[in-house]
Amino acid sequence: MVDIDGVGVFLGLDVGKQTHHGHGLTPAGKTVFDRSLPNGEPKLRAVFDKLMAKFGTVLVIVDQPASIGALPLTVARDAGCQVAYLPGLAMRRIADLYPGQAKTDARDAAVIADAARTMPHALRTLDLTDEVTAELTMLVGFDQDLAGEANRTSNRIRGLLTQFPPPSLERVLGPRLDHPAVTWLLERYGSPQALRGAGRRKLVDVIRPKAPRMATRLVDDIFTALDEQTVVVPGTSTLDVIVPSPAKSLAAVHEQRRALEAQIEALLEAHPLAQVLTSMPGIGVRTAAVLLTTVGDASSFPTAAHLASYAGLPPTTRQSGTSIHGEHAPRGGNRQLKRAMFLSAFAALHDPASRTYYDRCRARGKTHTQALLRLARHRSSVLFSMLRDGTFYEPRTPRLA
C-alpha cells in the first residue's frame, strides 16, 4: 500500500494522447486544481512545481502508467513528486460508487484523485525502472503480441485442415505447427492431394534438413492419415491456394519470436537478478523477463502473501449463510504475472520437489488446474525469498505424503 502520510495534494491524471486532465485534492477533499494539461514536459513541470511550492508533497496518480502515461510520470519523478498507479479495473469499479453516469476525462481524474485520498490500499507503487527493465518491458510486450498473432494464425490453419478431410491429418500436423519443418511443408504442399502427389520419399528428403530426427516419422504419420480416406471432398483443392499464406505468416512470426528471445536473453544477462530467477526450475528466459518487469526485486511487497495476492494466486473464500461456503480460484490479480507463475509451475513438474507437492494436492482431490495453482502459490513464496535475499534456488529433498 502507498503511504499517503504527509501528502499535501493528490493530483489525479486522466492521461491522453494530446492532453491530460488533472484534478488536485487536498487531504480534506478541497479541490485546488482542475484543468487540462498539454502532453509536454514544460507545462507538466510548471504545474508540478507550482503545486509543490504551495502545498508541499504532491502525489501524482495515473490509471495508465505505460505508453501515454510514461511522460507525466517521468516528469513528476524528476520534479520531486511521488507517483502511484490506480489499476484501470479498480478505477472503473470505484467510479460506479460516485453519482452520475457521465464518462468524461474531468470526472475520471476526480475519481482517481479522490480514490487515492480515501482508499490508498487500492493504489500500486511505481518503482523507478532502470534502462534494462524498461527495454525488457517493451520487448516482452512485443513478444506477447507476436505470441497472440501466432496463436490466431495457428488456429486458422488448424481450422482449415479440420474443415477438409481427412480429419486425422489435422491431428498429425496441428500440434506440430510450432516446428519450422511443418510450416515449411504447408507453405509448399497445402492440401492432401499435394502431399500425396509429392510422394513419401521426396517429402522425407526435403524436410530432413529442418527436422533430422522427425522427418521419417512425420511423413509416415502424414501418409497414414491420408490413407484413411479414399474420397475427395469438394473444395479440398483450394487448400493449395489458402493454406500456404497463413503457413508463411506463421513461420515468419516464429522466426521473429526466436530473434526476440535472443535479444531478451542478452538483456537478461545484464540484470543482476536474472540468474537468481532462472535458477528456479520452470523459469526460462521469457518467464524471467515477465517476472522482472512485473515484480522487479519484490521490494514493493511487504510479505510473500502480498506478492501472491497481487498475482491472484490465493483462493477466494465465498460464504453466505449455510448454503454457500467454499474456496474458489480467484478472478483478479495481475493477469500477466499470474499466467507466468502458472506456466512456470506446469514447466516445473519435472522437478522432484514440485512434482511431490503437485501429487500431494491431487491425492487430496484437487483437479489438475487447482493443483497447479496451489503449486504456483507455494512457488511464489520461494520466489519472494529468493528476490528479497538475492539468493539462488536451493532444491530440497521432497517429503512423501
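Residues numbered from 1 in each chain as written. Predicted model: local features only at pLDDT ≥ 70, side-chain atom pairs only at ≥ 80, totals over all residues. Heavy atoms only, no water.

### Some details on the environment of Leu126
So, point 1. Mapped onto the elements of the fold, Leu126 is located in the loop between strand E6 (124–125) and helix H5 (131–163).
So, point 2. Once the C-alpha coordinates of Leu126 and Ala181 are considered, the two residues, 55 residues apart in sequence, prove to be 44 Å apart.
So, point 3. Here Leu126 is in contact with Pro65, Leu73, Arg77, Val83, Ala84 and Tyr85, once residues within four sequence places are set aside. (Helix = DSSP H or I, 4+ residues; strand = E, 2+ residues; numbered from the N terminus. Contact = heavy atoms within 4.5 Å.)

### Some words on the pattern of salt bridges
So, point 1. The tally for this structure, following the rule as stated, stands at 17 salt bridges.
So, point 2. Residue Arg92 is joined to Asp108 by a salt bridge in which the shortest nitrogen-to-oxygen separation is 3.2 Å. Here the residue Arg92 occupies a position in helix H3 (residues 88–95), and Asp108 occupies one in helix H4 (residues 105–118), the gap between them amounting to 16 residues.
So, point 3. Taking the shortest distance from any N to any O, the salt bridge between Glu187 and Arg188 comes out at 3.8 Å.
So, point 4. Look at Glu187 and you get partly exposed, because its relative accessible area is 24%. (Salt bridge = Lys/Arg side-chain N within 4 Å of Asp/Glu carboxyl O. Buried < 20%, exposed > 50% of the residue type's maximum accessible area, 1.4 Å probe, protein only.)

### Some thoughts on H3
So, point 1. Buried within H3 we find Met91, Ile94 and Ala95. Seen along its axis, H3 keeps its buried residues to an arc of 100°; they face one direction. The outward face of H3, more than 90 degrees from its buried face, is lined by the exposed residues Leu89 and Arg93.
So, point 2. Against H4 lie the buried residues of H3. (Arc of directions from axis to C-beta.)

### Topic: the packing of helix H17 (residues 352–363) against helix H18 (residues 368–389)
So, point 1. Relative orientation of the contacting elements H17 and H18 amounts to 135°, with a least axis distance of 9 Å. The angle between H17 and H18 falls in the class oblique. For the pair H17 and H18, the sense of crossing is right-handed. Contact residues: Ser354, Tyr357, Tyr358, Cys361 and Arg362 in H17; His368, Ala371, Leu372, Arg374, Leu375, His378 and Arg379 in H18.
So, point 2. Here the contact of H17 with H18 is built from residues that sort into six nonpolar, three polar and three charged. (Axes fitted to C-alpha atoms, helices over the stretch in contact; angles between N-to-C directions. Parallel < 35°, antiparallel > 145°, perpendicular 65-115°, else oblique. Left-handed = near helix turned anticlockwise from the far one by under 90°. Nonpolar A, V, L, I, M, F, W, Y, C, P; charged D, E, K, R; others polar.)

### With respect to the packing of aromatic side chains
So, point 1. Going through the model one piece at a time under the given rule, you end up with one aromatic pair.
So, point 2. Both rings, one in Phe301 and one in Tyr310, keep their centres 5.3 Å apart while their planes meet at 50°; by these two values the pair is tilted.
So, point 3. Of the residues examined, Phe301 reaches a relative accessible area of 12% and is grouped as buried.
So, point 4. For Tyr310, a relative accessible area of 21% corresponds to the partly exposed category. (Phe/Tyr/Trp six-rings, centres within 6.5 Å; stacked < 30°, edge-to-face > 60°.)

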